[in-house]
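Overview (structure and organization)
Each chain, letter by letter, is given below.
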Amino acid sequence: MRISVIGCGYLGAVHASAMAELGHDVIGIDVDEGKIAALAAGRPPFFEPGLPEILTSATATGRLRFSTDLADAADAEVHFVAVGTPQAADTHAADLRYVDAAFTSLLPHLADGALVVGKSTVPVGTAARLAALIAREAPGARLAWNPEFLREGYAVKDTLEPDRLVYGVAAGEQGMAAASVLDQVYRAALEAGTPRIVTDYATAELVKVAANAFLATKISFINAMSEIADVTGADVTALADAIGHDARIGRRFLNAGVGFGGGCLPKDIRAFTARADELGRGDSLAFLKEVDTINLRQRQRVVDLAVDALDGSVFRKKVAVLGVTFKPESDDVRDSPALDVAVTLKGLGADVVATDPEGIENARLRHPQLDYTSSAREALRDADLVVLVTEWREYRALDPEHTAGLVRGRRIIDGRNVLDPVAWRAAGWAYRGIGRP
Ligand code: UDX
């Protein structure tokens with residue numbers, strides 16, 4: 001099929017490449033000339049495992065092109081809109097300016113029979129509003145809402161082999177026609193048995209935010225348990241293992257630590273509560289405010305542990321911060337708990353040296369005041385305290401004996417509960433995890 005993908009960020013660039021990989025003829029559109037030039041040259045403008053490979057192979061076949069000009073997308077049968085919906089500057093609501101701009105600029109280029117597919121995470125009600133806009137301005141075109149559930153770090157796999165497909169479509173024949181177009185787009189996944197849910201616009205929009213709200217709640221739940229564990233001497237890791245064996249609960253997303261961040265979970269739960277307030281149902285989602293509060297408290301908790309480990313003051317102490325991205329296998333530092341901890345410690349007068357395998361460039365743009373090094377060894381050298389806040393493989397694999405030879409003080413805060421307390425203590429370290437004795 002002839003497909004356009006509007007917005008080539010973490011979501012759109014992967015979606016465009018994956019669609020081309022599946023054999024479709026794809027054009028990726030973005031207003032950012034630098035991004036488009038990089039993608040056209042086969043260089044992803046961000047770190048995502050597996051993306052360079054499919055980007056290069058798809059551009060080489062000629063099935064994947066990039067442009068800043070929407071007119072180049074005019075002959076596409078399907079237009080995916082994958083622009084960002086960040087948190088608004090002054091409220092918790094989503095900022096829809098990029099979605100609105102994408103739709104408005106796309107309207108004059110829509111061919112008769114074209115299908116516009118929203119992928120961006122939007123407040124419930126947005127699709128109905130945009131469907132009305134299309135009906136008025138480009139009556140030959142249709143709209144579907146098809147949320148994505150990709151995780152950074154696994155985005156290529158999640159796009160090629162999604163665990164479910166959700167189509168939000170209009171009622172009646174129009175909606176059925178839209179669903180069958182999407183069936184052609186996703187034929188490979190459907191043939192592999194991927195579950196497909198065809199529903200209305202509002203449900204499709206809600207599926208996305210409900211999923212993220214649930215995941216965020218799960219993480220804050222276990223972090224709340226870790227606070228109780230801390231004052232009772234219990235071990236939240238063993239607790240998570242034990243309750244995780246209950247298939248109704250499940251072990252995944254029950255890792256206590258410095259909490260969730262990134263470009264999705266934090267802003268999505270805030271936008272969801274803001275939308276519920278607008279709908280007069282603020283009470284229904286009031287618990288998500290608590291989920292957010294618990295989550296932000298974890299960042300302060302790691303800072304408090306650091307201060308405590310240095311007997312009440314980090315002033316002029318060298319602190320090695322391991323990790324700046326919001327999670328491993330990503331260079332994304334948006335709303336990163338790790339970076340927040342580094343910045344707060346720096347504000348308290350610590351000589352912070354932060355390190356990360358992929359995130360330094362992005363971190364430096366946001367926080368140029370921090371010292372960075374790409375070498376973990378360099379960060380650890382003569383440190384009075386080590387704070388592990390992003391569980392990259394190389395930090396999980398640190399050897400306590402060897403690391404002891406690099407630092408000045410054997411003190412470590414394991415902000416992700418990924419190290420073995422017994423081994424570290426045996427090597428003479430003062431080890432502190434989150435909710436672990
Ligand atoms: C998330 C959703 O998982 C994905 O389905 C959606 O499409 C976009 O948002 P992503 O932002 O890539 O994906 O990250 P995810 O893997 O969900 O992790 C989110 C945050 O939660 C990270 O900061 C991670 O470190 C944290 N986390 C995750 C925990 O603190 N504990 C856990 O047990 C799991």
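Residues numbered from 1 in each chain as written. Predicted model: local features only at pLDDT ≥ 70, side-chain atom pairs only at ≥ 80, totals over all residues. Heavy atoms only, no water.

1. Quick notes on the sheet that holds strand 14 (residues 430-432)
So the rule is basically this: Any two strands are treated as partners once DSSP identifies two or more bridges connecting them. Put simply, DSSP H or I for four residues or longer makes a helix, DSSP E for two residues or longer makes a strand, and each gets a number counted from the N terminus. All axes are obtained by fitting lines to C-alpha atoms, using only the stretch in contact for helices, and the reported angles, taken between N-to-C directions, cover 0 to 180 degrees. Should any heavy atoms of two residues lie within 4.5 Å, those residues are considered in contact.
What the six strands build is an open sheet, ordered 11-10-9-12-13-14; its pairing is parallel. Either end of the sheet is taken by a strand with one partner, and the two such strands are strand 11 (371-373) and strand 14. Adjacent strand axes in the sheet meet at a mean angle of 20 degrees, parallel and antiparallel pairs treated alike. Bridge count for strand 9 (residues 318-322) against strand 10 (residues 351-355) is five bridges, and the pairing is parallel. Residue pairing for strand 10: lysine 318 is matched across the bridge by aspartate 351. Those strands touched by helix 13 (residues 337-347) are strand 9, strand 10, strand 11 and strand 12 (385-388), and its axis lies near 170 degrees from that of strand 9.

2. Structural notes on the side chain of arginine 436
On the secondary structure map, arginine 436 appears in the segment after strand 14. Residue contacts for arginine 436: discarding those within four places in its chain leaves Asp230, Ala234, Asp235, Thr237, Asp414, Asn417, Val418, Leu419, Pro421 and Tyr431.

3. Some points on the nonpolar core
Most often, soluble globular proteins have nonpolar side chains that are buried together. Note the threshold: Take the buried residues of types Ala, Val, Leu, Ile, Met, Phe, Trp, Tyr and Cys, join any two whose side-chain atoms come within 4.5 Å, and each joined set is a nonpolar core. A simple rule labels every residue: compare its accessible area, found with a 1.4 Å probe on the protein chains alone, to the largest value its type can have, and call it buried under 20%, exposed over 50%, or partly exposed in between.
Counting residues in each nonpolar core, the largest one holds 40 residues, and the members touching the most others are Ile3, Val26, Leu64, Phe80, Leu182 and Tyr186. Setting aside chain neighbours within four positions, we find isoleucine 3 in contact with Met19, His24, Asp25, Val26, Ile27, Ala76, Val78, Phe80 and Val185. Counting 30 residues, the second-largest nonpolar core is a separate cluster that includes Ile29, Leu70, Leu130 and Ala204.

4. Description of the sheet that holds strand 7 (residues 165-169)
Read across the open sheet, the eight strands follow the order 3-2-1-4-5-6-7-8; overall the sheet is mixed. Two strands close off the open sheet at either side, each with one partner strand: strand 3 (64-67) and strand 8 (196-199). Within this sheet the neighbouring strands show an average axis-to-axis angle of 25 degrees, counted without direction. As paired elements, strand 4 (residues 78-81) and strand 5 (residues 115-118) share four bridges and run parallel to each other. Each residue of the ladder has a partner; that of histidine 79, found in strand 5, is valine 116. Relative to strand 3, helix 2 (residues 33-40) is tilted by about 160 degrees, and along the sheet it contacts strand 2 (25-29) and strand 3.

5. Considerations on helix 9 (residues 201-232)
Heads up, the condition is: Helix span is expected to be 1.5 Å times the residue number reduced by one. Nitrogen and oxygen atoms within 3.5 Å of one another constitute a polar contact, given that in protein one can donate a hydrogen and the other can accept it, and given that sequence-neighbouring residues count only through two side-chain atoms.
In this model helix 9 runs 47 Å from its N-terminal to its C-terminal C-alpha over 32 residues, within 8% of the 46 Å that 1.5 Å per residue would give. Measuring from the side-chain oxygen of the N-cap residue of helix 9 to the backbone nitrogen of alanine 202 gives 3.2 Å; that N-cap residue is aspartate 200.

6. As for the site of the ligand
Which entries qualify depends on this criterion: Any residue with at least one heavy atom within 4 Å of a molecule or strand is counted as near it. Charged means Asp, Glu, Lys or Arg here, nonpolar means Ala, Val, Leu, Ile, Met, Phe, Trp, Tyr, Cys or Pro, and polar covers whatever is left, Gly included.
Around the ligand, a shell composed of 20 residues is seen, among which Phe149, Leu150, Glu152, Asn255 and Phe326 lie nearest. Contact between the ligand and phenylalanine 326: an oxygen atom at 2.8 Å from a main-chain N or O atom of the residue. Taking arginine 416, its side chain carries an N or O atom lying 3.1 Å from an oxygen atom of the ligand. Here the element with the most residues in the shell around the ligand is helix 9; it accounts for four residues. Residue composition of the shell around the ligand, by class: 10 nonpolar, four polar and six charged.

7. Comments concerning the state of the cysteines
For clarity, the cut-off: In plain terms, two cysteine sulfur atoms within 2.5 Å form what is called a disulfide here.
Under the defined criterion, the tally for this structure stands at zero disulfides. Between cysteine 264, a free cysteine, and cysteine 8, which holds the nearest cysteine sulfur, the sulfur-to-sulfur gap is 17 Å.

8. Looking at the side chain of lysine 218
Convention followed: Note on charges: Lys and Arg go in the positive column, Asp and Glu in the negative column, and His and the chain ends are not counted at all. Whenever Lys or Arg places a side-chain nitrogen within 4 Å of a carboxyl oxygen from Asp or Glu, that contact is recorded as a salt bridge.
Examined against the element boundaries, lysine 218 turns out to sit in helix 9. Notably, lysine 218 is buried but unbridged: the nearest opposite-charge side chain belongs to aspartate 246, and the N-O separation is 10 Å. If we ignore the near neighbours within four places in the chain, the residues touching lysine 218 are Ile249, Gly250, Arg252, Phe253 and Leu254.

9. A few points about the environment of isoleucine 243
Along the chain, the position of isoleucine 243 falls in helix 10 (residues 236-244). When the C-alpha positions of isoleucine 243 and leucine 254 are compared, they lie 9.4 Å apart, and in sequence the two are 11 residues distant. Excluding anything up to four places from it in sequence, isoleucine 243 contacts Phe221, Ile249, Gly250 and Leu254.

10. A few points about the domain arrangement of the protein
By convention, interface size is frequently given as the accessible area that disappears when the constituent parts associate. What counts is decided by this rule: Note: domain ranges come from an automatic or database domain assignment. Summed over both partners, the accessible area (1.4 Å probe) lost when two parts come together is defined as the buried area.
Each domain of the protein was delimited in the assignment, giving domain 1 (2-199) and domain 2 (202-437). Of note, the centres of domain 1 and domain 2, computed from C-alpha atoms alone, are 32 Å apart. In this assembly, domain 1 packs against domain 2 so that about 2300 Å² is buried in total across both faces, 58% of it on carbon and sulfur atoms. Broken down residue by residue, the surface that domain 1 buries against domain 2 is led by Phe47, Val124 and Glu152, which jointly contribute 31%. Between arginine 334 and glutamate 152 there is a salt bridge; the shortest N-O distance is 3.3 Å. Counting the contacts that link domain 1 with domain 2 gives 15 residue pairs in polar contact (both at pLDDT 80 or more). Every element with two or more residues in the side of domain 1 that touches domain 2 is listed here: helix 5 (126-137) and strand 7.

11. Remarks on the packing of helix 4 (residues 97-106) against helix 5
Definition in use: Between 65 and 115 degrees an angle is taken as roughly perpendicular, under 35 as roughly parallel, over 145 as roughly antiparallel, and anywhere else as oblique. Should the near helix be turned counterclockwise from the far one by less than a right angle, the crossing is left-handed, whereas a clockwise turn marks it as right-handed.
Relative to each other, helix 4 and helix 5 sit at 20 degrees, their axes nearing to 11 Å. Relative to helix 5, the element helix 4 is oriented roughly parallel. Helix-helix and strand crossings are classified by hand; for helix 4 and helix 5 the assignment is right-handed. For the pair formed by helix 4 and helix 5, the contact residues are Val99, Asp100 and Phe103 on the first element and Arg129, Leu130, Leu133 and Ile134 on the second. Here the contact of helix 4 with helix 5 is built from residues that sort into five nonpolar, no polar and two charged.

12. Considering the pairing of strand 10
The criterion, for reference: A clockwise path from the first strand over the helix to the second, with the strands pointing away from the viewer, defines a right-handed crossover.
Counting buried positions over the five residues of strand 10 gives four, a clear majority of the element. The parallel pair strand 9 and strand 10 is bridged by helix 13, and the resulting crossover is right-handed. Of the pairings in the sheet, the one linking strand 10 to strand 11 comprises three bridges and is parallel in character. Bridging from a neighbouring strand, threonine 355 pairs with threonine 373 of strand 11. Following the chain from strand 10 across helix 14 (residues 360-366) to the adjacent parallel strand 11, one finds a crossover that is right-handed.

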